[in-house]
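Remarks on the overall topology
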Amino acid sequence: MSVAAEELVERAVAFAQTHPELLAALLVSVVVLVGGAYILHQFTRPSGVRFASLLAEYDDVTVLTHPNPDPDAMAAAMGVASLAKQQDTTATIQFPGQIRHQENRAFRNVLEVDLEPIERASDLSTETVILVDHNQPRGFTGSESVRPKAVVDHHPGDGRGESFTDVRTEYGACSSVIAEYFQDMDATPVPPENHESEISAKCVVPSRVATGLFFGILTDTNRLTGGIDSADFDASGYLSPGVDENLLDRIANPQVSAEVLEIKATAIRERDVEGAFAISDVGDISNVDAIPQAADELIRLEGITAAIVCGTRNGMLYLSGRSRDDRVHMGRAIEAALDGIPGASGGGHARMGGGQIPIEDGDFVWPGRRTALTDRLRRALEGDV
Ligand SMILES: [Mn+2]
């Protein structure tokens, strides 16, 4: 140190000794500045970058979908798993319930989504749980005890992640949020004709993931015709170079089992129409997923504005309702119709509802009380209960 510098340091030390309060104030301001800059940095980092660095903190994470995951939930989970892998974090995708609907099964098989079923909280592969496409764990034993580390969703609700919560209710699909995370990471979608290794980018969206996310957006927005936000269009545009049209065609147009078509046919043939309301009973069936699909068909019939389809399987009566009638809130109508039936549960949204009634050992006997149920449903649709 030069003599001048030494003298300066000595003077500074002497000054600090005689004015300790000024030194303290200086230290506090430095701490506030550094802390403020850190917080500002945290908040101005794009969500995708914050999410990826959270993933990077763990060796293993569990990505959990809602029960009976649909393409949007599976795609969002695939996206998170791919982001995790690129941070050297192992991700296991898990789901409660079943994957039965042919479109969901085709999605899982064609895109080779690796996901495991769970029945109870102890089946979760790790304690670090990331929820996608829902914000509160449900549908398995002990779900209420699970505290998710992160939540990425587009449904309303109060569910929060311990370290990260990103719920965008204006978005049509959770897949759009995940696509944005890739964009935040400057990821390049890999064209289907290329291998990932041919792309010189730090982060990529593998073609299968891009195809899955794009299809997730399609299904959750009724093929871009309903509940779509401009963010969903932006995400679709961003993903498009990576979308594999062959795979997309296979998942968008899966083979339908003869049974599903038969059940749809029965629902249409057996429909009981009064005014603009149709109720149809398809009897005992082995594939209950066909019931909502049959309701989707019935509601398309000219002159019908509300439709309910019911059928039984393994001691349970299942109902699915659809409405395009502003007078009929389908969820509330089904809830009202089932009110007071032992063990029954029902509900839903204005345009879509469903319910279940146990038919073994209970008061409700199927088909003995079938007319009673039809009457109740009809009165409920007419707003008469
Ligand atoms: Mn969704």
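Residues numbered from 1 in each chain as written. Predicted model: local features only at pLDDT ≥ 70, side-chain atom pairs only at ≥ 80, totals over all residues.

Sheet strands pair via backbone hydrogen bonds, and the direction of the pair is either parallel or antiparallel. Pairing within the open sheet is mixed, and its six strands lie in the order S9-S10-S11-S12-S14-S13. Every other strand in the sheet has two partners, leaving strand S9 (272-274) and strand S13 (345-348) as the edge strands with one partner each. Neighbour-to-neighbour, the strand axes of this sheet turn through a mean angle of 10°, independent of strand direction. Along the sheet face, helix H11 (residues 290-298) touches strand S10 (277-284), strand S11 (306-313), strand S12 (316-323) and strand S14 (352-358) and points at about 155° away from the line of S11. (Pairing = 2+ DSSP bridges. Helix = DSSP H or I, 4+ residues; strand = E, 2+ residues; numbered from the N terminus. Axes fitted to C-alpha atoms, helices over the stretch in contact; angles between N-to-C directions. Contact = placed C-beta atoms within 7 Å.)

Below, the discussion takes up the domain arrangement of the chain. For the chain, the assigned domains are domain 1 (3-44), domain 2 (51-252) and domain 3 (258-381). Computed from C-alpha coordinates alone, the two centres of domain 1 and domain 3 are separated by 72 Å. (Domains from an automatic or database assignment.)

Strand order in the open sheet made by the six strands is S3-S2-S1-S4-S5-S6, with parallel pairing throughout. Each having just a single partner strand, strand S3 (115-118) and strand S6 (164-167) make up the two edges of the open sheet. Ignoring which end each strand starts from, the neighbouring axes of this sheet average 25° apart. The sheet contact formed by strand S4 (residues 129-132) and strand S5 (residues 150-153) spans three bridges and is parallel.

Right, let's get into the UniProt feature "domain: DDH" (unreviewed entry) in the chain. Under the present numbering, the feature "domain: DDH" (unreviewed entry) in UniProt falls on residues 61-192. End C-alpha to end C-alpha, residues 61-192 measures 28 Å, and it is 27% helix and 22% strand. (UniProt positions renumbered as here; feature names shortened; annotations may be inferred.)

The UniProt record marks residues 277-360 with the feature "domain: DHHA1" (unreviewed entry), using the residue numbering of this structure. The annotated region residues 277-360 carries 21% helix and 42% strand content, and the separation between its end C-alpha atoms amounts to 29 Å.

With respect to the helices, strands and loops of the structure, arginine 324 is situated in the loop between S12 and helix H12 (330-338). For the pair arginine 324 and leucine 298, spaced 26 residues apart in the sequence, the C-alpha separation amounts to 11 Å. Dropping the residues within four chain positions of it, arginine 324 is found in contact with Ile299, Thr305 and Arg351.

On to the nonpolar core, then. In globular proteins that are soluble, nonpolar side chains generally tend to be buried together. Core analysis: the largest hydrophobic core is formed by 62 residues, its most contacted members being Val63, Ala77, Val80 and Val132. In terms of residues, this core owes the most to one element, helix H4 (residues 71-85), which gives 10 residues. The contact partners of valine 132, leaving out residues within four places of it in the chain, are Val63, Thr65, Ala73, Ala76, Ala77, Val80, Val152, Asp153 and Cys174. Judged by nonpolar contacts, the second largest core, of 35 residues, contains Ile263, Ala267, Ala307 and Val328. (Core = buried A, V, L, I, M, F, W, Y, C linked by C-beta atoms within 7 Å. Buried ≥ 20, exposed ≤ 12 C-beta atoms within 10 Å, placed from the backbone.)

Before going further, it helps to examine the environment of arginine 208. Secondary-structure assignment places arginine 208 in helix H7 (residues 207-220). Arginine 208 sits in the buried class, given 20 other C-beta atoms within 10 Å. Considering only alpha carbons, one finds arginine 208 and glutamate 274, 66 residues apart in sequence, at a separation of 47 Å.

As a packed pair, helix H10 (residues 258-269) and H11 sit with axes 9 Å apart at the nearest point and diverge in direction by 50°. One element, H10, and the other, H11, form an angle in the oblique class. Crossing geometry of H10 relative to H11 is assigned as right-handed. Every residue of H11 that contacts H10 at Glu259, Val260, Ile263, Lys264, Ala267 and Ile268 is listed here: Ala290, Gln293, Ala294, Glu297 and Leu298. Looking at the contact of H10 with H11 residue by residue, the classes come out as seven nonpolar, one polar and three charged. (Parallel < 35°, antiparallel > 145°, perpendicular 65-115°, else oblique. Left-handed = near helix turned anticlockwise from the far one by under 90°. Nonpolar A, V, L, I, M, F, W, Y, C, P; charged D, E, K, R; others polar.)

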